[in-house]
Amino acid sequence: MAMSSSSSSSSSQKTWIVNGILAGAAIAAAIGAHAYLGRSRKFRSRVVGIIPARYASSRFEGKPLVQILGKPMIQRTWERTKLATTLDHVVVATDDERIAECCRGFGADVIMTSESCRNGTERCNEALEKLEKKYDVVVNIQGDEPLIDPEIIDGVVKALQVTPDAVFSTAVTPLKPEDGVDPNRVKCVVDNRGYAIYFSRGLIPYNKSGKVNPDFPYMLHLGLQSFDSKFLKVYSELQPTPLQQEEDLEQLKVLENGYKMKVIKVDHEAHGVDTPDDVEKIESLMRERNMS
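As recorded in an unreviewed UniProt entry, the protein goes by the name 3-deoxy-manno-octulosonate cytidylyltransferase, mitochondrial, listed as coming from Camelina sativa.

Structure, rendered in C-alpha cells:
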C-alpha cells in the first residue's frame, strides 16, 4: 500500500494551535507544544480506537449486526481494527443493547452511550468521557467498513502525531470515475501541504463541462478519522454549521470553524456497506481474496 503524509513543521518546531471557544466562536492561539503536553513524554502517544454503532438507520436498519460470511459486520470491523499497531485500546460505543450483547459475545469492550448522540463523533466523545484511562488521540472507526486496512488506521494516527497544528486527521484514496456522482461516495480536495480544503457529496472540483474528467485525480474520503482528544470535547460543544447540515458531513464543522485537518493519501479500494445490496458485494470480494 502506498502512503504519503507531509508535515507542516520541522523537528525543531514545537508550536501548535490550541483551539477553544470564546463568545460562541472558535479561536486559536499558538503556544509551545511542551506547554500543552505538560508532563507527557511523547506527543499524542496514548491512542484509543472507538467504533460507534447504532441499530437505527434510515437506509439499513440493524446494519452492524448483518451477517457477512457467518460473522456480524461489527465483529469483522473490530477484528480488522485490532490489527492496528498504534491503538492501545479498542472499544465499541453503542446505544443499543442488541449490538452490545453481540459485541460482548465475541470479546469486545463495550461502552453504552446515549440515544441523543446526533452522530458518530458525538458518540465517540461520550465514550471517551466514560473510559477510565485517559487518551491523547481518539480514532473514529466506521463500523460499516469490514475490510478496513489496519495500516491506514496507523497512518492516520501517525499523521496527527507529527502535525501539531492539526486537530483532526483522515485519509483519502483515488476516486473511481463511475463514483463521481454517487452521493454516498464523499469527495475531498486538499491543499499543497496536505490539509483539507473541503468535503462534498457532489463532485469536487466541478468543471465547466459538468462531466467527470477521467484524467483528473479526484479523491474519495475514507470513513476513518482521528481527533486530538481535547479538541473532540470542543467539537461536541460547537453548534452545527450550515455546510455540515447541508452536506450531512460531520467533518465540515471542523473546517467551518477554522480548524486544520491533516489528510493522507493511500491506495485503498473502499468497500463500505451503505445498503443491503453492498453485503453481497463484500462477500463476493472476500471469497475472491480467500478471506474467512
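Some thoughts on the overall build of the protein
The secondary structure content of the protein amounts to nine helices and 14 strands. Excluding contacts between residues fewer than 6 apart, the proportion of contacts in the protein whose partners are at least 24 apart in sequence is 68%. Per element, the accessible surface of the protein, about 14300 Å² overall, is 48% carbon and sulfur.

Describing the environment of L232
Mapped onto the elements of the fold, L232 is located in helix α6 (residues 229-237). Linking L232 and T121, residues 111 residues apart in sequence, is a C-alpha distance of 7.9 Å. Not counting the four nearest positions on each side in its chain, L232 is found in contact with T121, C124, N125, L128, V138 and F227.

So, unusual backbone geometry
That bond from I204 to P205 is cis: its omega, -5°, falls within 30 degrees of zero. Even without a glycine there, the phi angle at L69 is positive, about 50°. Along the chain, L69 turns up in the loop between β5 (67-68) and β6 (71-72).

Side note on the pattern of salt bridges
For the structure shown, the criterion picks out eleven salt bridges. Between R123 and D95 there is a salt bridge, with its nearest N and O atoms 3.6 Å apart. Taken as a pair, R123 in helix α4 (residues 120-130) and D95 in the loop between β7 (89-94) and α3 (97-105) lie far apart in primary sequence, 28 residues in all. Judged by its relative accessible area of 3%, R123 falls in the buried class.

Remarks on the side chain of E122
When you line up the elements, E122 lands in helix α4. For E122, a relative accessible area of 12% puts it in the buried group. Aside from chain neighbours lying at most four places away, what touches E122 is S116, C117 and S236.

Some words on the packing of aromatic side chains
Tallied over the full model, the rule gives seven aromatic pairs. Plain terms: the ring middles of F231 and Y235 are 6.3 Å apart, the flat faces sit at 65° to each other, and that makes the pair edge-to-face. Of this pair, F231 and Y235 both sit in helix α6, four residues apart, which is roughly one turn of that helix. Of the residues examined, F231 reaches a relative accessible area of 3% and is grouped as buried. The class of Y235 is buried, set by a relative accessible area of 1%. Through a chain of ring-to-ring contacts, three or more aromatic side chains come together here, namely F168, F227, F231, Y235 and Y259. Taking NZ or CZ as reference, K260 lies 5.1 Å from the ring centre of Y195, over its face.

Describing the pairing of β7
With respect to burial, β7 is a largely interior element, five of its six residues being buried. The sheet contact formed by strand β4 (residues 47-53) and β7 spans six bridges and is parallel. The residue bridging I50 from the neighbouring strand is V91, located in β7. Pairing of β7 with strand β8 (residues 109-112) involves four bridges; the strand directions are parallel. Each residue of the ladder has a partner; that of A93, found in β8, is I111.

Focus on the environment of G105
By secondary structure assignment, the location of G105 is in helix α3. C-alpha of G105 to C-alpha of Q75: the two residues are 30 residues apart in sequence and 9.7 Å apart in space.

Thoughts on the pairing of strand β14 (residues 261-266)
For a regular strand, the rule is simple: side chains alternate between the two faces of the sheet. Here β14 lies mainly inside the structure; five of its six residues are buried. Pairing analysis gives five bridges linking strand β10 (residues 168-174) to β14, with the strands arranged parallel. Following the sheet pairing, F168 is matched in β14 by M261.

Parameters at a glance
- Residues numbered from 1 in each chain as written.
- Predicted model: local features only at pLDDT ≥ 70, side-chain atom pairs only at ≥ 80, totals over all residues.
- Heavy atoms only, no water.
- Helix = DSSP H or I, 4+ residues; strand = E, 2+ residues; numbered from the N terminus.
- Contact = heavy atoms within 4.5 Å.
- Areas by Shrake-Rupley, 256 points an atom, 1.4 Å probe, with all protein chains shown as cover.
- Salt bridge = Lys/Arg side-chain N within 4 Å of Asp/Glu carboxyl O.
- Buried < 20%, exposed > 50% of the residue type's maximum accessible area, 1.4 Å probe, protein only.
- Phe/Tyr/Trp six-rings, centres within 6.5 Å; stacked < 30°, edge-to-face > 60°.
- Lys NZ or Arg CZ within 6 Å of the ring centre and 35° of its normal.
- Pairing = 2+ DSSP bridges.

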